[in-house]
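Next come the chains, spelled out residue by residue.
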Amino acid sequence: MKFVDLLAQHQSQKQELDDAIQGVIRHSAFVRGPHVDEFESSYADMMGAKHCVSCANGTDAIYIALRALGLRTGDEVITTAHSWISTSETITQAGGHVVFCDTEDDYFCIDTSQIESRITERTKGIVVVHLYGQPADMDAVMEIARANNLWVIEDCAQAHLAEYKGRKVGTIGDVGTFSFYPGKNLGAMGDAGCLVTNQDYIADFLTLFARHGGKNNHLMEGINSRMDGLQAAILNVKMTRLKAWTETRQELAMRYAELLSSVEQFTLPAVRDDCAHVFHLYVIRTPDRDGLRAFLSVQNIPTLINYPRALPYYQAYEYLGHTTDDFPVAYRHAGEILSLPMHPFLADDEQIQVAEALARYFQYCR
Ligand SMILES: *Cc1c(COP(=O)(O)O)cnc(C)c1O
């Protein structure tokens, strides 16, 4: 059993992918070019966004968005205590000061009731993360942002096609950022990323900044963050399946919930009202996480911990001097979370095997 089965995914589209790759070689369109243009317009259409600007990876996407929104040295940016470090390291790289917020017990996203108490006169924006594929509480985020004149970046690296009240995540705030790292819900065969926005001036800046500030006349210093042709051509093929794969993930999640409903010792992932969760990860919680994980591993059931610590408790953020009392929910979650196998090619019998092993552990081993 695999945690994520990329080989099965690629076999399912082998001919189309091979043709796409050969097409890039034939055109020698290796960096940007027609495949990248096609990607940008198809992705914008699929998202219902006015603009899509491609870049090299999902981390760059956040960094570029922060620069586009005018972050300056010393500015403060509020973000969640529970994410992959790209979310916060880019704030620092762009000259900002990271201000963490605790997370929701049910949904793992930023606890919006705590945002306002962290706003100072130096706060410029909020970076929310739709963690594991669950939309953050965007109504609350946008209301706070509007009332305090803050911008909002949505880190959608785990949330392609997730919806909040009928709207695709990434199109609600000022900029949405995406990663196409191979294991993401839409993955390239290498690194790739993009940004979406409905605002023309932001799109112009994103394009300029990611391409050295312009070609014939450098209007400013930028960075070099480009999607290459091979990745774009591959993504163009895979994008046609994303909706179906997403639906399969949602069905698998419902099935996990049915299969596991009789086991009481852990908490299953909840879905926020009026939202479409896209289950990049299927994360359960149990105080006996480490014992369970070891037991599953012996039965060749792969699991992951996403992530072993809340961000403020990594060495990288020791300088902020936080204690475990500052983010009690995120701190507790880090010791309880376990990601079960979840991908569109997970077979029925594999899922049953996972569920039975979980039930066995709580029946006999405790
Ligand atoms: C994967 C991920 C990123 C970064 O994407 P890369 O393409 O790996 O740079 C950012 N934020 C979150 C929440 C992610 O899961």
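What comes next concerns the included structure.

### Structural notes on the site of the ligand
Around the ligand, a shell composed of 14 residues is seen, among which Gly58, Thr59, Asp155, Ser179 and Lys184 lie nearest. Separating an oxygen atom of the ligand from a backbone N or O atom of Gly58 is a distance of 2.8 Å. The contact in question runs from an oxygen atom of the ligand to an N or O atom on the side chain of Gln158, over 2.8 Å. Sorting the residues of the shell around the ligand by element identifies helix 4 (58–68) and helix 5 (86–93) as the ones contributing at least two each. Grouping the amino acids of the shell around the ligand by side-chain chemistry returns four nonpolar, eight polar and two charged.

### As for the pattern of salt bridges
Taken as a whole and assessed by the stated rule, the structure comprises 18 salt bridges. For Arg211, the salt bridge is made with Glu40, and the minimal N-O distance between the two is 3.9 Å. Here Glu40 lies in helix 3 (residues 34–47) and Arg211 lies in the loop between helix 7 (200–210) and helix 8 (229–239), a separation of 171 residues in the sequence. According to the relative accessible area criterion, Glu40 is buried, its value standing at 13%. In this structure, the salt-bridge partner of Arg289 is Asp290, at a minimum N-O distance of 2.7 Å. For Asp290, a relative accessible area of 52% translates into the label exposed. The structure contains a network of salt bridges with shared partners spanning Arg32, Asp37, Glu40 and Arg211.

### Side note on the sheet that holds strand 6 (residues 163–164)
The strand order 7-6-10 describes an open sheet built from three strands, whose pairing is antiparallel. Bordering the open sheet on either side are strand 7 (167–168) and strand 10 (275–276), each of which pairs with just one other strand. Here strand 6 pairs with strand 7 via two bridges, running antiparallel. Counted as the bridge partner of Tyr164 is Arg167 from strand 7.

Cut-offs applied
- Residues numbered from 1 in each chain as written.
- Predicted model: local features only at pLDDT ≥ 70, side-chain atom pairs only at ≥ 80, totals over all residues.
- Heavy atoms only, no water.
- Near = heavy atom within 4 Å.
- Polar contact = N/O pair within 3.5 Å; in protein donor to acceptor, adjacent residues only side chain to side chain.
- Helix = DSSP H or I, 4+ residues; strand = E, 2+ residues; numbered from the N terminus.
- Nonpolar A, V, L, I, M, F, W, Y, C, P; charged D, E, K, R; others polar.
- Salt bridge = Lys/Arg side-chain N within 4 Å of Asp/Glu carboxyl O.
- Buried < 20%, exposed > 50% of the residue type's maximum accessible area, 1.4 Å probe, protein only.
- Pairing = 2+ DSSP bridges.

Purely geometric stuff here, so don't read any function into it on its own.
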